[in-house]
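Residues per chain are reported as follows:
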Amino acid sequence: MDFRQGPVEGVAMKSAFWSGKTVLVTGHTGFKGGWLSLWLQRLGAEVVGYALPPGTEPSLFEKADVARNMTSLFGDIRDLPQLQTVLERHRPQVVFHLAAQALVRQSYDAPVDTYASNVMGTVNLLESVRHTPSVRVCQVITSDKCYENREWDYPYREVDRLGGRDPYSSSKACAELVAAAYRDSFFAGAGAPSLATVRAGNVIGGGDWSQDRLIPDCIRALARNEPVIARNPAAVRPWQHVLEPLSGYLWLAARQWQEPGRFAGAWNFGPAASDAIPVGALLDQVVAAWGGGSWRPLADSAGEPHEAGLLKLDISKAAARLGWRPTYTVAQAVEQTVAWYRQARQASVDDIRAVCHRQIDDYVAAAQRWGASWAQP
Ligand SMILES: NC(=O)c1ccc[n+]([C@@H]2O[C@H](COP(=O)([O-])OP(=O)(O)OC[C@H]3O[C@@H](n4cnc5c(N)ncnc54)[C@H](O)[C@@H]3O)[C@@H](O)[C@H]2O)c1
């Protein structure tokens, strides 16, 4: 397949498409939302962010001063009137909904909050979009964990059954169902916004300081010269650099803008099949990239909550219909991630912003080299 073919070559990442567009990003104080906001700022978009204040210390939001070139609003997606007011006031044309309680382990401790944010938060967002005529494109960011995990060796496709054993995964499956009902009930007619749901893999990259996530836990241990403890070293996950799914979201949004009906629906944005590897293999690469340190399995995993053993994502649909495919191998994703944490240590806010911008530019240049349609100048 020639990925360079396409009627709207390159517009997704060119300022020509994004410049001056008002884009609402919920969850801009988080890891992925922070990177997406920085990328959109670089493309000239008028970015409006809506989220709770950053939940970690440190955070990408503060370290890179994500709020510098955008309108940053603190608020709760469980608060429908406030959310509605934000959309009425700012009249976004494109909406990326990332705000969520995003941690599996926390969902065991706080299931009610997890469902409230992830399910009713999505209802509130879609309800607000429904009453905001300026919105032409909306994406609800769910997860690879929205699929009912059958411990299959083969990857999940967009048509596979939704499910989830833990509250986080099931809340993301619920968010998918909510989005499907809104699409069929309210967003199906001519002139209605194009609504897509997007399911990324396990995302790694600089600037994530969440608790109980592999890379942040790993970087904290390595920085203290302690061994990294792996709870589930044999578990296979679809690892990818944070800029990979974000490139997919941006490109999909541009295509939704042009052909709203054709590009509505569900989309997987995962790594190449060979990059769904066990936790232990990923840790070997992180330790090697760090240039020292070690990892070992958790000594006693009895009493640990259930975690799926095998999870892979099929990206044939995105490849065939969007010409999207990953740019980095998992090894390159690890290199970029470790380099970010190393460069950001002790660095000033301006330097950290520069590291982020350089990593975005390097990623786009690498995508241009393989001929990604979205990256062509
Ligand atoms: N990181 C991953 O590997 C991964 C993989 C697949 C999907 N996702 C999804 O991508 C999205 C972003 O994930 P992330 O890794 O950046 O998570 P994160 O925890 O770093 O950020 C979550 C964001 O949501 C906001 N938020 C949470 N509850 C809120 C509420 N009630 N009201 C307003 N804002 C609220 C937080 O303030 C933060 O800005 C989430 O929807 C997550 O489920 C993440």
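Since we're looking at a predicted model, the values are computed, not measured.

Participant: So what exactly am I meant to see when it comes to helix H13 (residues 330–344) here?
Facilitator: Given a rise of 1.5 Å per residue, 15 residues ought to cover 21 Å, and the 21 Å separating the end C-alpha atoms of H13 matches this to within 8%. Burial in H13 covers these residues: Val330, Ala333, Val334, Gln336, Thr337, Val338, Trp340, Tyr341 and Ala344. Of the residues one or two after H13, Gln346 is the one with positive phi, at around 65°.

Participant: How should I be thinking about the site of the ligand in this particular structure?
Facilitator: Lining the immediate surroundings of the ligand are 26 residues, of which Thr29, Lys32, Ile77, Tyr168 and Lys172 lie closest. Note that a nitrogen atom of the ligand is positioned 2.9 Å from one of the side-chain N or O atoms of Asp76. Between the ligand and Ile77 there is a distance of 2.8 Å, counted from a nitrogen atom to a backbone nitrogen or oxygen. Bound to the protein, the ligand loses 91% of the 830 Å² it would expose on its own. Contributing elements (two or more residues each) for the shell around the ligand: helix H2 (31–42), helix H7 (167–186) and strand S7 (202–204).

Participant: What am I meant to see in the sheet that holds strand S9 (residues 236–241) here?
Facilitator: For sheets, the rule is that strands pair by backbone hydrogen bonds, running either parallel or antiparallel. With mixed pairing, the three strands of this open sheet are ordered in space as S7-S9-S11. Bordering the open sheet on either side are S7 and strand S11 (276–278), each of which pairs with just one other strand. Neighbour-to-neighbour, the strand axes of this sheet turn through a mean angle of 50°, independent of strand direction. With three bridges joining them, S9 and S11 adopt antiparallel strand pairing. Across the sheet, the residue bridging to Pro238 is Ala276, located in S11. In the packing of helix H11 (residues 279–290) onto the sheet, the strands contacted are S9 and S11, and the crossing angle to S11 comes to about 90°.

Participant: Honestly, the nonpolar core in this entry has me stumped. Any pointers?
Facilitator: Burial of nonpolar side chains together is a common tendency in soluble globular proteins. In this structure, Trp18, Trp35, Trp39, Leu40, Phe96, Trp340 and Trp374 are the most contacted members of the largest nonpolar core, which totals 82 residues. The next biggest cluster of nonpolar side chains, apart from the first, holds 23 residues, and it includes Val48, Ala99, Val123 and Cys138.

Participant: In this structure, what is going on with helix H4 (residues 80–90)? I would like to understand it.
Facilitator: The α-helix advances 3.6 residues per turn, and as a result positions three or four apart in sequence lie on the same side. Along H4, the positions that sit buried rather than exposed are Leu83, Gln84, Val86 and Leu87. Looking straight down H4, one finds that the buried residues subtend no more than 155° of arc, so they occupy a single side. Summarising the geometry of H4, the exposed residues directed more than 90 degrees from the buried face are Pro81 and Arg89. Taken together, the buried residues of H4 touch strand S1 (22–26), strand S2 (46–51), strand S3 (71–74) and helix H6 (111–130). Of the residues flanking the start of H4, the one acting as N-cap is Asp79, its side-chain oxygen 3.2 Å from the backbone nitrogen of Gln82. A positive backbone phi angle near 45° is found at Arg91, which sits one or two residues after H4.

Participant: What exactly am I supposed to notice about the sheet that holds S3 here?
Facilitator: In space, the seven strands of this open sheet follow the order S3-S2-S1-S4-S5-S6-S10, with parallel pairing throughout. Of all the strands in the sheet, just S3 and strand S10 (265–269) have a single pairing partner and so form its edges. Taking the axes of each pair of neighbouring strands and ignoring which way they run, one obtains an average angle of 20° across the sheet. Across four bridges, strand S4 (residues 94–97) lies against strand S5 (residues 137–141) in parallel orientation. Its bridge partner lying in S5, Val94 is registered against Val137.

Procedures and definitions
- Residues numbered from 1 in each chain as written.
- Predicted model: local features only at pLDDT ≥ 70, side-chain atom pairs only at ≥ 80, totals over all residues.
- Heavy atoms only, no water.
- Helix = DSSP H or I, 4+ residues; strand = E, 2+ residues; numbered from the N terminus.
- Expected span 1.5 Å × (residues − 1).
- Buried < 20%, exposed > 50% of the residue type's maximum accessible area, 1.4 Å probe, protein only.
- Near = heavy atom within 4 Å.
- Polar contact = N/O pair within 3.5 Å; in protein donor to acceptor, adjacent residues only side chain to side chain.
- Areas by Shrake-Rupley, 256 points an atom, 1.4 Å probe, with all protein chains shown as cover.
- Pairing = 2+ DSSP bridges.
- Axes fitted to C-alpha atoms, helices over the stretch in contact; angles between N-to-C directions.
- Contact = heavy atoms within 4.5 Å.
- Core = buried A, V, L, I, M, F, W, Y, C linked by side-chain atoms within 4.5 Å.
- Arc of directions from axis to C-beta.

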